[in-house]
Amino acid sequence: MKKLLTILAVALMPIIAGAQAQINTKKVKISDFPEKITKVVLTGNMFYDLSLQDEVKARWRVSPYEFCTLEEFMRDRNSSDYYFLITTKSQFEKESEPGLDFLCLLKGGTGATINSMMEVMSIPLASTEDPSGREFVFLPVLLDIIQSHTLKSMEKDLHGYVGLSGYSTNMERSNNMEIVFAENDLNSAINTEFKDLNFDSDIVVTDEDSADVHIYENNPGKLVSYVVAPAAATPGSYCYKMLINAETYEIYYYSRHKISKKFGAGFLPEDIKRINSYRNR
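### What to know about the packing of helix α3 (residues 46-59) against helix α5 (residues 134-155)
Step number 1: Relative to each other, α3 and α5 sit at 45 degrees, their axes nearing to 10 Å. In terms of orientation, α3 lies oblique with respect to α5. In this structure, α3 meets α5 at a crossing whose hand is right-handed. Together, Phe47, Tyr48, Ser51, Leu52, Glu55, Val56 and Arg59 of α3 and Phe136, Leu139, Pro140, Leu143, Asp144 and Gln147 of α5 make up the contact between the two elements.

### Topic: the sheet that holds strand β9 (residues 238-245)
Step number 1: A sheet is described by the order of its strands in space; here 5 strands give the open sequence β7-β6-β8-β9-β10, paired in mixed fashion. Both outer strands of the open sheet, β7 (203-206) and β10 (251-258), are each paired with one neighbouring strand and no more. Each neighbouring strand pair of the sheet contributes to a mean axis angle of 20 degrees, computed without reference to strand direction.
Step number 2: Pairing between strand β8 (residues 222-228) and β9: 6 bridges, direction antiparallel. Across the sheet, the residue bridging to Val224 is Ile244, located in β9.

### Digging into α3
Step number 1: Compared with the 20 Å implied by 1.5 Å per residue over 14 residues, the 20 Å span of α3 between its first and last C-alpha is a close match.
Step number 2: Within the span of α3, buried status applies to Tyr48, Asp49, Ser51, Leu52, Gln53 and Val56.
Step number 3: Looking at the packing, one finds that the buried side of α3 touches β1 (37-41), β2 (65-68), β3 (82-90), β4 (100-107), β5 (118-127) and α5.
Step number 4: One side-chain oxygen of the residue at the start of α3 lies 3.2 Å from the amide nitrogen of Phe47, identifying that residue as Asn45.

### Description of the pattern of salt bridges
Step number 1: Applying the stated criterion to the full structure yields 15 salt bridges.
Step number 2: Residue Lys36 pairs with Asp81 through a salt bridge whose shortest N-O separation is 3.7 Å. In this pair, Lys36 is assigned in the loop between α2 (26-29) and β1 and Asp81 in the loop between α4 (70-76) and β3, connecting sequence segments 45 residues apart.
Step number 3: Judged by its relative accessible area of 43%, Asp81 falls in the partly exposed class.
Step number 4: Close ionic contact of Lys39 with Asp76 constitutes a salt bridge, the shortest N to O distance being 2.7 Å. With Lys39 in strand β1 and Asp76 in helix α4, this residue pair connects regions lying 37 residues apart in the sequence. Taken individually, Lys39 and Asp76 each receive the classification buried, so the pair is uniform in this respect.
Step number 5: Look at the salt bridges and you will find they share partners, linking Lys39, Glu66, Arg75 and Asp76 into a network.

Rules used throughout
- Residues numbered from 1 in each chain as written.
- Predicted model: local features only at pLDDT ≥ 70, side-chain atom pairs only at ≥ 80, totals over all residues.
- Heavy atoms only, no water.
- Axes fitted to C-alpha atoms, helices over the stretch in contact; angles between N-to-C directions.
- Helix = DSSP H or I, 4+ residues; strand = E, 2+ residues; numbered from the N terminus.
- Parallel < 35°, antiparallel > 145°, perpendicular 65-115°, else oblique.
- Left-handed = near helix turned anticlockwise from the far one by under 90°.
- Contact = heavy atoms within 4.5 Å.
- Pairing = 2+ DSSP bridges.
- Expected span 1.5 Å × (residues − 1).
- Buried < 20%, exposed > 50% of the residue type's maximum accessible area, 1.4 Å probe, protein only.
- Polar contact = N/O pair within 3.5 Å; in protein donor to acceptor, adjacent residues only side chain to side chain.
- Salt bridge = Lys/Arg side-chain N within 4 Å of Asp/Glu carboxyl O.

This is the structure we're talking about:
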């Protein structure tokens, strides 16, 4: 009898382990998101907070929400009754101070600190020290992306674990779209010679205002560039690069690279070649 029980226990181990793995997946952990209150944490910067409040009121649709102060966040972050949408400052290993602001969706939990809270997702917002102002143009875009990605992560674990870089395959649907690069979003290595060889009539380079008007007006058939990097980027900092569908606010391209002495911020030649490879399949 004892031998039989041992055999049964061994046989059941994969089933038990599989059940435990399923319970612990990100998909399961965030399954309560639509029913929980999302607390939108205000920063104390009145100009930014007003824009954040306006955009959340206009666009947040996936869960009940309320606004709170940073002090209230510190008080309530231990509660699993809440999710928190918070603007954070990120400092990478080789940086002497935070270089980038991120917009993060976190899940509250018992004993949680900011660093140990479960991150549902985060997306780069702006340079910490010297933001360009474009973050106000793209704030509604980022809010839509956060909501869409969170819902997809609830459906499939793959979305939650792969992250935003997985959306670059959307470029396969961009053959009939025009790519609009703000000139400041291009790395200095993308010179005239490179453009002549790699840019076609569907790739336009213009000033930031002319690029951003497509986002304001939700113009169809346009992908608009958005780059987030520290204002005083040094080797070891990171640069994030995005192409956004101006009509739907979907990410079509998302990548990052570590800034080095050879390559500063902006879309690199390898980004352009990768983008073209998607479009020329």
